[in-house]
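Chain residues, written in single-letter form:
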Amino acid sequence: MKIIGGRVVVTCPGRNFVTLKVETDEGIYGIGDATLNGREQAVVAYLQEHVIPCLVGRDPQQIEDAWQYLYRGAYWRRGPVTMCAIAAVDTALWDIKAKAAGLPLYQLLGGRSRDGVMVYGHANGGDIEETADEVAKYIALGYRAVRAQSGVPGLASTYGVARDKMFYEPADTGLPTENIWSSEKYLRHIPALFDKLRDRFGFECHLLHDVHHRLTPIEAARLGKDLETYRLFWLEDAVTCENQESFRLIRRHTTTPLAVGEVFNSIHDCRQLISEQLIDYIRTSVVHAGGITHLRRIAALAELFHVRTGCHGATDLSPVCLGAALHFDTWVPNFGIQEYMRHTEATDEVFPHSYHFADGYLYVGEAPGHGVDIDETLAARYPYRRAFLPVNRLEDGTMFNW
Ligand SMILES: O=C(O)C(=O)C[C@H](O)[C@H](O)CO
Ligand SMILES: [Mg+2]
């Protein structure tokens, strides 16, 4: 079998998605997600100009060789743009391999380790009461795990609090929206949120929370301590992670489980975090961490150190990424949880798929490949719209982390 071409499809059924389609001389094609929220066209250019020309004529079955060729062969290693592009190729090639074998992808990875994949949804509200009501809705839908985010008194807007509750989308068209942040106000507020949630819902449902990279290590340590009695499933992205050692300080002070890694794109971003057991869950995703080939290397390292997986799965990761992630999750021995923010109906129509949700779990289908396709005619009806993630400033105007 030979690759005869590759095409990048950009579509915006409510938000932008970048999809790579790799075609072979045997009529089998594979698709991979290449969406990098707010920087979509950088990956498109990288794929079209620097990657696709190198794929033509290659045997699509030699996935490892293609991965190494694109990673080592670029000389310039890692980074989100490069690794998203490699991920898209890798996912498409796994899709082709599984279709050629007539098997669902998880069978090629080693088969099933579980029946279904436990997922968590995103509940959020302007205040504690509204967030609690949203958590109730997720529990009523059958979710066993819910992430809870609430508006903070005194701050006009807060990360994770959506206009459209079920379909959170932080990217906006136009130039980046500016948010204002105060760690002090946030730290005073969040323990009260979880106090309310445990009081109302008890301890049966898993609760999660995302700090979104906004605290210093000592602040994060204090928050972890304050939340201990509420038994969170995890506290996510407590600090920015350029400095992996900063997690040592948090770890020393709290038993609240820690998750990090949605912005990581390589095993080198989390090697110390994992090998020193500074985290409990690694959040790397198929699309942002070099595809299934690289993600399973990260998972294998994590397994040695009792770290479990918790793949990023916000709405900016397309159904193609989610489909591939579910095959990975169905196989990976050290699975923890999968994030699942529902895509809109329009998105689901553009990307027909064979996975389904029931009783708090997502289930992969048995279709050969990763089970997600793209309807290109429909995709063409939704042209690309430039969009940016927000930026964040402290109350005195200082640029901060969003
Ligand atoms: O889903 C999460 O945990 C996020 O933090 C979502 C991110 O803000 C989002 O994917 C950015 O594009
Ligand atoms: Mg997050």
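This structure is a prediction, so every number in the text was calculated from the model and none was measured.

Conventions we followed
Residues numbered from 1 in each chain as written. Chains lettered and ligands numbered in written order. Predicted model: local features only at pLDDT ≥ 70, side-chain atom pairs only at ≥ 80, totals over all residues. Heavy atoms only, no water. UniProt positions renumbered as here; feature names shortened; annotations may be inferred. Helix = DSSP H or I, 4+ residues; strand = E, 2+ residues; numbered from the N terminus. Pairing = 2+ DSSP bridges. 1 Å grid on protein atoms, 1.4 Å probe; cavity = no way out; pocket = protein on both sides within 12 Å on 5 of 7 lines; lining within 4 Å. Points joined across faces, edges and corners; volume = space filled by probe spheres on them. Nonpolar A, V, L, I, M, F, W, Y, C, P; charged D, E, K, R; others polar. Domains from an automatic or database assignment. Core = buried A, V, L, I, M, F, W, Y, C linked by side-chain atoms within 4.5 Å. Buried < 20%, exposed > 50% of the residue type's maximum accessible area, 1.4 Å probe, protein only. Contact = heavy atoms within 4.5 Å. Near = heavy atom within 4 Å. Polar contact = N/O pair within 3.5 Å; in protein donor to acceptor, adjacent residues only side chain to side chain. Areas by Shrake-Rupley, 256 points an atom, 1.4 Å probe, with all protein chains shown as cover. Sits in = over half its atoms within 2 Å of the grid points. Donors = N, O, S within 2.8 Å, 3.2 Å for Na, K, Ca; no water. Salt bridge = Lys/Arg side-chain N within 4 Å of Asp/Glu carboxyl O.

S.K.: Sorry if this is basic, but what is going on with the UniProt feature "domain: Mandelate racemase/muconate lactonizing enzyme C-terminal" (unreviewed entry) in the protein here?
M.R.: As annotated by UniProt and renumbered to match this structure, "domain: Mandelate racemase/muconate lactonizing enzyme C-terminal" (unreviewed entry) occupies residues 128-257. Between the C-alpha atoms that bound residues 128-257 the distance is 22 Å, and the span itself is 39% helix and 15% strand.

S.K.: Any chance you could explain the sheet that holds strand E17 (residues 391-394) here in plain terms?
M.R.: Pairing between the strands of a sheet comes from backbone hydrogen bonds, and it takes one of two forms, parallel or antiparallel. With mixed pairing, 3 strands are arranged side by side in an open sheet as E7-E17-E18. In this open sheet, the two edge strands, each paired with only one partner strand, are strand E7 (178-181) and strand E18 (399-400). Sheet topology places E17 next to E18; 2 bridges connect them, and they run antiparallel. Among the inter-strand pairings, Arg393 is bridged to a residue of E18, identified as Met399.

S.K.: Is there a simple way to think about the layout of surface pockets in this case?
M.R.: One water molecule sets the probe size; rolling that probe over the atoms shows where empty space is left. Approximately 1,000 Å³ is the volume attributed to the largest pocket. Classifying every residue of the lining of the largest pocket by side-chain character gives 19 nonpolar, 12 polar and 11 charged. Residue-level mapping places the lining of the largest pocket at the junction of two domains, with at least three residues from each of domain 1 (3-104) and domain 2 (109-368). Looking at the second largest pocket, its volume works out to about 530 Å³. In this structure, the second largest pocket is lined by 30 residues; those nearest its centre are Ala162, Arg163, Tyr168, Glu169 and Pro170. For the lining of the second largest pocket, the domains that each give at least three residues are domain 1 (3-104) and domain 2 (109-368).

S.K.: So what exactly am I meant to see when it comes to the nonpolar core here?
M.R.: Soluble, globular proteins show a tendency: their nonpolar side chains are buried together. By size, the foremost hydrophobic cluster in this structure holds 118 residues, and its most contacted members are Leu47, Tyr186, Phe194, Leu223, Phe247 and Leu273. In terms of residues, this core owes the most to one element, helix H3 (residues 80-101), which gives 11 residues. When residues of this core are assigned to domains, at least three fall in each of domain 1 (3-104) and domain 2 (109-368). Aside from chain neighbours lying at most four places away, what touches Tyr186 is Val152, Trp181, His209, Asp210, Val211, Leu215 and Leu223. Counting residues in hydrophobic clusters, the runner-up holds 9 residues, among them Tyr120, Leu208, Phe233 and Ile337.

S.K.: Help me understand the site of ligand 1 in this model?
M.R.: As a structural note, the neighbourhood of ligand 1 is formed by 15 residues, with Asn37, His212, Glu262, Asp316 and Glu339 the closest of them. The contact in question runs from an oxygen atom of ligand 1 to an N or O atom on the side chain of Asn37, over 2.9 Å. One nitrogen or oxygen atom from the side chain of Glu339 is found 2.4 Å from an oxygen atom belonging to ligand 1. Burial of ligand 1 by the protein amounts to 94% of the accessible area it has alone, namely 330 Å². When atoms are counted within 2 Å of each cavity's grid points, the one that captures over half of ligand 1 is the largest pocket. Among the residues making up the shell around ligand 1, the classes are represented as 4 nonpolar, 4 polar and 7 charged.

S.K.: Explanation requested: the side chain of Glu40 in the structure shown.
M.R.: Relative to the helices and strands, Glu40 resides in helix H1 (residues 40-55). Those residues in contact with Glu40 that sit more than four places away from it in its chain are Arg15, Asn16, Val18, Thr35, Tyr384 and Ala387.

S.K.: What's the story with the environment of His122 in this structure? I'm lost.
M.R.: Note on placement: His122 falls in strand E4 (residues 117-125). Classification of His122 by relative accessible area gives buried; the value is 5%. In the structure, His122 is positioned 192 residues away from Ala314 in sequence and 9.2 Å away in space, judged by C-alpha atoms. What His122 contacts, discounting residues up to four positions off in sequence, is Tyr138, Arg147, Lys165, Glu339 and Met341. Looking at His122, its side chain comes within polar contact range of the side chain of Glu339, at 2.6 Å.

S.K.: Which parts of the structure should I look at to understand the coordination of the magnesium ion (ligand 2)?
M.R.: Between any two of four tetrahedral donors, the ideal angle at the metal is 109.5 degrees; between two of six octahedral donors, it is 90 or 180 degrees. For the magnesium ion (ligand 2), the full set of protein donor atoms is Asp210 (OD), Glu236 (OE) and Glu262 (OE), at a range of 2.0 to 2.2 Å. Counting residues between consecutive donors of the magnesium ion (ligand 2) along the chain gives the motif D-x25-E-x25-E. Of this pair, Asp210 sits in strand E8 (residues 206-210) while Glu236 sits in strand E9 (residues 234-236); the two residues are 26 residues apart in sequence, bridging distant segments of the chain. By the burial criterion, Asp210 is buried, and Glu236 matches it.

S.K.: I keep staring at the pattern of salt bridges and nothing clicks. Help me out?
M.R.: Side-chain pairing between opposite charges can occur once the charged atoms of the two side chains come close. Scanning the entire structure with this criterion turns up 20 salt bridges. With a shortest N-O distance of 3.0 Å, Glu64 and Arg297 are connected by a salt bridge. Of the two residues, Glu64 sits in helix H2 (residues 63-73) while Arg297 sits in helix H10 (residues 291-304), which places them 233 residues apart along the sequence. Taking the shortest distance from any N to any O, the salt bridge between Asp133 and Arg200 comes out at 2.8 Å. In this pair, Asp133 is assigned in helix H5 (residues 128-140) and Arg200 in helix H6 (residues 183-201), connecting sequence segments 67 residues apart. Bridged by salt links that share partners, the residues Arg7, Lys21, Glu23 and Glu376 form one connected network.

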